[in-house]
Amino acid sequence: LKFWRNIPANTLTITDMDFYNGNLYVAGLSNAEFSSTLRKMPYPFNQKQEATKSIEVYHAVHTQMETRAPIRTMTIAELDGEPTLIASYTCTPLVTIPLAEIGSGSTIKGKTIAELGYGNTPIDMISYMSQEQDGSYDQKLLVTHMHRSGSLISMKDVAKAATGKGMVGMMAQMPTGTEG
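Structural notes, computed from the coordinates. Small disclaimer: the values here were computed from a predicted structure and weren't measured. (Residues numbered from 1 in each chain as written. Predicted model: local features only at pLDDT ≥ 70, side-chain atom pairs only at ≥ 80, totals over all residues. Heavy atoms only, no water.)

**Some thoughts on the environment of G166**
Within the element layout of this structure, G166 appears in the segment after α1 (155-162). Measuring from C-alpha to C-alpha, the distance between G166 and T96 comes to 9.5 Å, with 70 residues separating the pair along the chain. (Helix = DSSP H or I, 4+ residues; strand = E, 2+ residues; numbered from the N terminus.)

Below you can see the structure in the form of structure tokens.
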């Protein structure tokens, strides 16, 4: 089975892992009807794991909700005190999912807060503290890409966007072509 750009689907079984607060989160594809999956495993491993039923996110480039694309890279951060998974997908929507919503058999609806560039593939993301020119400090999110330069986003902006409505349906309202 081939995925986007003739990538063999079995190479996307596990796309990223993150450890947070005693749990390992594993993203990838499954062979289920809704193929994007996210598993949560307590550590130390005890044979118990929780898998999502599906992860549904809005892909702005495709102007539709989708469940078939896997998370390509992710990190976990506290946004306004709430532990939140921040994920980037192929065709690069940037999505937030509160960790409280991740549970066994749950259907997750991630909130698309940004689009990082059509035809692109995210490689990795990290958050770090940065000293600004005025001497203040700001937490940053750096997303590296395969076909574009990196995206550097203030975590304050990520947190603000996560409290909004998200991008669902926005592309139909946006100009196309070289504007924007």
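**Some remarks on the packing of aromatic side chains**
Within a pair of aromatic rings, the relevant descriptors are the distance that separates the centres and the angle that separates the planes. One pass over the full model with this rule turns up two aromatic pairs. Seen from their ring centres, F19 and Y43 are 6.1 Å apart, and the 85° between their planes marks the pair as edge-to-face. Of the two residues, F19 sits in strand β1 (residues 16-20) while Y43 sits in the loop between β3 (36-42) and β4 (50-51), which places them 24 residues apart along the sequence. Aromatic side chains Y43 and F45 sit 5.2 Å apart centroid to centroid with 85° between the ring planes, which places their arrangement in the edge-to-face category. Here Y43 matches F45 in class, with each residue exposed. One aromatic cluster is present, built from ring pairs that chain together F19, Y43 and F45. (Phe/Tyr/Trp six-rings, centres within 6.5 Å; stacked < 30°, edge-to-face > 60°. Buried < 20%, exposed > 50% of the residue type's maximum accessible area, 1.4 Å probe, protein only.)

**Some points on the side chain of T92**
With respect to the secondary-structure elements, T92 resides in the loop between β8 (82-89) and β9 (93-98). A polar contact of 3.1 Å, which involves the side chain of T92, links it to the side chain of E115. The contacts of T92, once residues within four sequence positions are left out, are A114, E115, L116, G117, N120, T121 and P122. (Polar contact = N/O pair within 3.5 Å; in protein donor to acceptor, adjacent residues only side chain to side chain. Contact = heavy atoms within 4.5 Å.)

**Digging into the nonpolar core**
Within the largest apolar cluster, 18 residues are counted, with the highest numbers of intra-cluster contacts made by Y25, L38, I55, I71, M74, L85 and Y89. Residue assignment for this core shows that the elements contributing at least two residues are β2 (23-29), β5 (54-59), β7 (71-79), β8 and β9. Filtering out sequence-adjacent residues up to four positions away, L38 remains in contact with Y25, V26, A27, E50, A51, T52, I55, M74, L85 and I102. A77, I153, M155 and A162 belong to the second largest nonpolar core, which has 15 residues in total. (Core = buried A, V, L, I, M, F, W, Y, C linked by side-chain atoms within 4.5 Å.)

**Comments concerning the sheet that holds β5**
Spatially, three strands are ordered β6-β5-β10 in an open sheet, and the strand pairing comes out mixed. Single-partner strands in this sheet number two, and they are β6 (64-66) and β10 (107-109). Here the average twist between neighbouring strands, direction ignored, is 25°. As defined by bridge partners, β5 adjoins β6 across three bridges and the pair is classed as antiparallel. Looking at β6, one finds that Y58 is bridged to M65. (Pairing = 2+ DSSP bridges. Axes fitted to C-alpha atoms, helices over the stretch in contact; angles between N-to-C directions.)

**Side note on the sheet that holds strand β13 (residues 137-145)**
In space, the three strands of this open sheet follow the order β12-β13-β14, with antiparallel pairing throughout. Since the sheet does not close on itself, it has two edges, and those belong to β12 (122-131) and β14 (151-154), each with one partner. The sheet shows a mean angle of 25° between the axes of neighbouring strands, direction not considered. In terms of strand pairing, β13 meets β14 through four bridges, oriented antiparallel. Bridge pairing links L142 to L152 in β14.

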